[in-house]
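Spelled out from the first residue to the last, the chains are:
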Amino acid sequence: MIKQLQKKFVLIAMCSFLAVIVCIVGGINIAVTIHENEATENILNILSDNDGKFPKNNNHPEPKDFNKRKPFFDFSMMTEETPFETRFFTVMVDSDNNIIQLDTGHIAAVSSDEAESIALEMLNSGSNSGSYGSYKYRITEQSYGKLIVFVDRSNQLKTLSTYLIWSCSIGAISLLIVFILVSLLSRRAIKPVIENMEKQKQFITDAGHEIKTPLAIISANADVLELDTGKSEWIDSIRNQTKRLNSLVKSLLELSKVDEGKSTLNMCMFSISDTIEHAVEDFQPIAKKLDKTLVSEITPQLSIKGDSESIARLTGILIDNALKYSDKNGTIKVTLTRNSRGTILAVSNTGCTLKQNELSRLFDRFYRADSSRSRETGGYGIGLSLAKAIVEAHKGKISAKVDDGIITFKAIL
């Protein structure tokens, strides 16, 4: 129980931190990408508006203006170094798409023939802007025909790729460091909860042992009274209530042991088919006495590694629960099968009036969907909790399902 709580704490903490890391890393990378794209678009605008050339220096802001504070997202800024840092080439064509002029003097990676071929390909594509490999282009209408401007984004793409790799790496390393710290400190974080749980378990154990002695004395006194005064309904009532309390204390102590991992489970290979079959046979007389039908479909010669006594106890709890809460002259069915998920024990009974949203609480301690009916049957809401603990001790899962008034408890071992 404590380990599961610790794992959940670590999982929740790591998922929360992962969400924060993803938002930070993703947000920064998106912002940088937008910045680079806007900067490229700004250069395309300048070149398209000036016949494929940067404006002369006297059209630039004076050097002293570069030191003035600019808005953070002002992408229109251009320094005196921008024309020398930008790799681009331009192609001018007439109205018939014939090449008028090529300018590849600002880039070394593209020859005149390659520039001509790329330009004609973009003209035939029908799009006025877009990307071609590492180039971003724009086609604008001019008095002589069309101007095609290509801006090389190789350096920007490489920078974005490097930034993405480094930011993701730093995020992953941060995530690993936080995981180690959370794992080491998780037990200290949930220490108050652990102490509270330990106190509750210790209280149940101590109270159970303390209650046993008074119950034994009450039972003995009832026997003495019966010898002196003879049988009476009062003595029978005392004896019945004593038996109920003894059963409750026994279940509580057994559940506490399973939760603490102190239950002595003898894990070994055994025939679960034989164990389930014997358990069903033991309940046949009780079913007949209650005028109910108990049937079984058990796949023969199935074996699992586990504790045979605990599995027998699990089966007994599920069958006893089905007998108590099935309708009059109802039918209880026990099946044992195997598939790729494991060995499946299912116990179903007719006459279920529970709603689907109540099923998840059936395995809570002391939960009783129908309190008046539970008093009639002597239930305390402990049995299914113990069944769940037994299944989980065997690394399995148990669930409940209602379909057309039939409730089925399925344990996958």
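Here, every reference points to the structure presented above.
Residues numbered from 1 in each chain as written. Predicted model: local features only at pLDDT ≥ 70, side-chain atom pairs only at ≥ 80, totals over all residues. Heavy atoms only, no water.

## As for the packing of helix α7 (residues 272-289) against helix α8 (residues 308-325)
Inference 1: For the pair α7 and α8, interaxial distance at closest approach is 9 Å and the crossing angle is 35°. The interaxial crossing formed by α7 with α8 has right-handed handedness. Contacts between α7 and α8 involve Ile 272, Thr 275, Ile 276, Ala 279, Val 280, Phe 283, Ile 286 and Ala 287 on the former and, on the latter, Ser 308, Ile 311, Ala 312, Thr 315, Gly 316, Ile 319, Asp 320 and Leu 323.
Inference 2: Residue composition of the contact of α7 with α8, grouped by class: eleven nonpolar, four polar and one charged. (Axes fitted to C-alpha atoms, helices over the stretch in contact; angles between N-to-C directions. Helix = DSSP H or I, 4+ residues; strand = E, 2+ residues; numbered from the N terminus. Left-handed = near helix turned anticlockwise from the far one by under 90°. Contact = heavy atoms within 4.5 Å. Nonpolar A, V, L, I, M, F, W, Y, C, P; charged D, E, K, R; others polar.)

## A closer look at a negative patch on the surface
Inference 1: Together, Asp 274, Glu 277, Glu 281 and Asp 282 line one region of the surface with negative charge.
Inference 2: Relative to the helices and strands, Glu 281 is located in helix α7.
Inference 3: Relative accessible area serves as the criterion here: at 45%, Glu 281 is assigned to the partly exposed category. (Patch = residues over 30% accessible without salt bridge, like charges linked within 9 Å, V, L, I, M, F, W, Y side chains within 5 Å. Areas by Shrake-Rupley, 256 points an atom, 1.4 Å probe, with all protein chains shown as cover. Salt bridge = Lys/Arg side-chain N within 4 Å of Asp/Glu carboxyl O. Lys, Arg positive; Asp, Glu negative; His and termini not counted. Charge placed at Lys NZ, Arg CZ, Asp CG, Glu CD. Buried < 20%, exposed > 50% of the residue type's maximum accessible area, 1.4 Å probe, protein only.)

## A few points about the environment of Asp 103
Inference 1: Residue position: Asp 103 is located in strand β2 (residues 99-103).
Inference 2: Overall, Asp 103 belongs to the buried group, its relative accessible area being 18%.
Inference 3: Linking Asp 103 and Lys 53, residues 50 residues apart in sequence, is a C-alpha distance of 9.7 Å.
Inference 4: Beyond its immediate stretch of four places on either side in the chain, Asp 103 contacts Phe 88, Phe 89 and Thr 90.

## Regarding the packing of aromatic side chains
Inference 1: A complete count under the given rule lists four aromatic pairs for this structure.
Inference 2: Plain terms: the ring middles of Phe 89 and Tyr 135 are 5.7 Å apart, the flat faces sit at 80° to each other, and that makes the pair edge-to-face. Taken together, the residues Phe 89 in strand β1 (residues 88-93) and Tyr 135 in strand β4 (residues 135-142) connect sequence positions 46 residues apart.
Inference 3: By relative accessible area, which is 0% here, Phe 89 ends up buried.
Inference 4: With a centroid separation of 4.6 Å and 10° between ring planes, the pair formed by Phe 89 and Phe 150 is classed as stacked. (Phe/Tyr/Trp six-rings, centres within 6.5 Å; stacked < 30°, edge-to-face > 60°.)

## Details of a positive patch on the surface
Inference 1: On the surface, Lys 3, Lys 7, Arg 187 and Lys 395 cluster together to form a positively charged patch.
Inference 2: When its relative accessible area of 63% is taken as the criterion, Lys 7 is described as exposed.

## Points about the sheet that holds strand β5 (residues 145-152)
Either a parallel or an antiparallel arrangement is found when strands of a sheet pair, and the pairing is made through backbone hydrogen bonds.
Inference 1: Strand order in the open sheet formed by five strands is β2-β1-β5-β4-β3, and the pairing between neighbours is antiparallel. Of all strands in the sheet, those bounded by a partner on one side alone are β2 and β3 (129-132). The average angle at which neighbouring strand axes cross in this sheet is 20°, direction not considered.
Inference 2: Note: β4 against β5, eight bridges, orientation antiparallel. If you follow Arg 138 over to β5, its bridge partner there is Val 149. (Pairing = 2+ DSSP bridges.)

## Regarding unusual backbone geometry
As a rule of thumb, non-glycine residues mostly have phi less than zero, and peptide bonds are mostly trans rather than cis.
Inference 1: Positive phi, normally seen in glycine, also occurs at Asp 291, with a value near 60°.
Inference 2: You can see Asp 291 is positioned in the loop between α7 and β7 (293-298).
Inference 3: According to the relative accessible area criterion, Asp 291 is exposed, its value standing at 53%.
Inference 4: The residue Gln 301 is not glycine, and still its phi comes out positive at about 60°.
Inference 5: Here Gln 301 lies in the loop between β7 and β8 (303-306).

## Topic: the packing of α8 against helix α10 (residues 383-393)
Inference 1: Closest axis-to-axis distance for the α8/α10 pair is 9 Å, and the angle between their directions is 145°. α8 and α10 meet at a crossing whose hand is left-handed. Of α10, the residues touching α8 (which contributes Ser 310, Arg 313, Leu 314, Ile 317, Leu 318 and Asn 321) are Gly 383, Leu 384, Leu 386, Ala 387, Ile 390 and Val 391.
Inference 2: Tallied by class, residues from the contact of α8 with α10 come to eight nonpolar, three polar and one charged.

## Digging into the pairing of β1
Inference 1: The buried fraction of β1 amounts to six of the six residues, a majority that puts the element mostly inside the structure.
Inference 2: Going residue by residue along β1, you find Phe 88, Thr 90 and Met 92 tucked away on one face and Phe 89, Val 91 and Val 93 tucked away on the opposite face as well.
Inference 3: Relative to β5, β1 runs antiparallel, the two sharing six bridges. When the bridges of β5 are listed, Val 91 appears paired with Ile 148.
Inference 4: Looking at chain direction, β1 and β2 are connected through four bridges and run antiparallel. When the sheet's bridge partners are listed, Met 92 is paired in β2 with Gln 101.
Inference 5: Hairpin connection between β1 and β2: a loop of five residues separates the two successive antiparallel strands, and Asn 97 in this loop has a positive phi of roughly 65°.

## Some details on the side chain of Arg 239
Inference 1: Looking at the element boundaries, Arg 239 is found in helix α6 (residues 233-260).
Inference 2: Engagement of the side chain of Arg 239 in a polar contact is seen with the side chain of Glu 226, the distance being 3.0 Å. (Polar contact = N/O pair within 3.5 Å; in protein donor to acceptor, adjacent residues only side chain to side chain.)

## As for the nonpolar core
Grouped burial of nonpolar side chains is what soluble globular proteins tend to show.
Inference 1: Counting 37 residues, the largest nonpolar core has Ile 272, Leu 314 and Leu 318 as its most contacted members.
Inference 2: The dominant element in this core, judged by the number of residues it contributes, is α8, at seven residues.
Inference 3: If near-sequence neighbours (up to four positions away) are discounted, Leu 318 is found in contact with Leu 345, Val 347, Leu 384, Ala 387, Ile 398 and Phe 409.
Inference 4: In this structure, Val 91, Ile 107, Met 122 and Tyr 137 belong to the second largest nonpolar core, which totals 15 residues. (Core = buried A, V, L, I, M, F, W, Y, C linked by side-chain atoms within 4.5 Å.)

## Regarding α10
Inference 1: Residues Leu 384, Ser 385, Leu 386, Ala 387, Ala 389, Ile 390 and Val 391 constitute the buried set of α10.
Inference 2: Lys 395 occupies a position one or two residues after α10 and carries a positive phi of about 60°.

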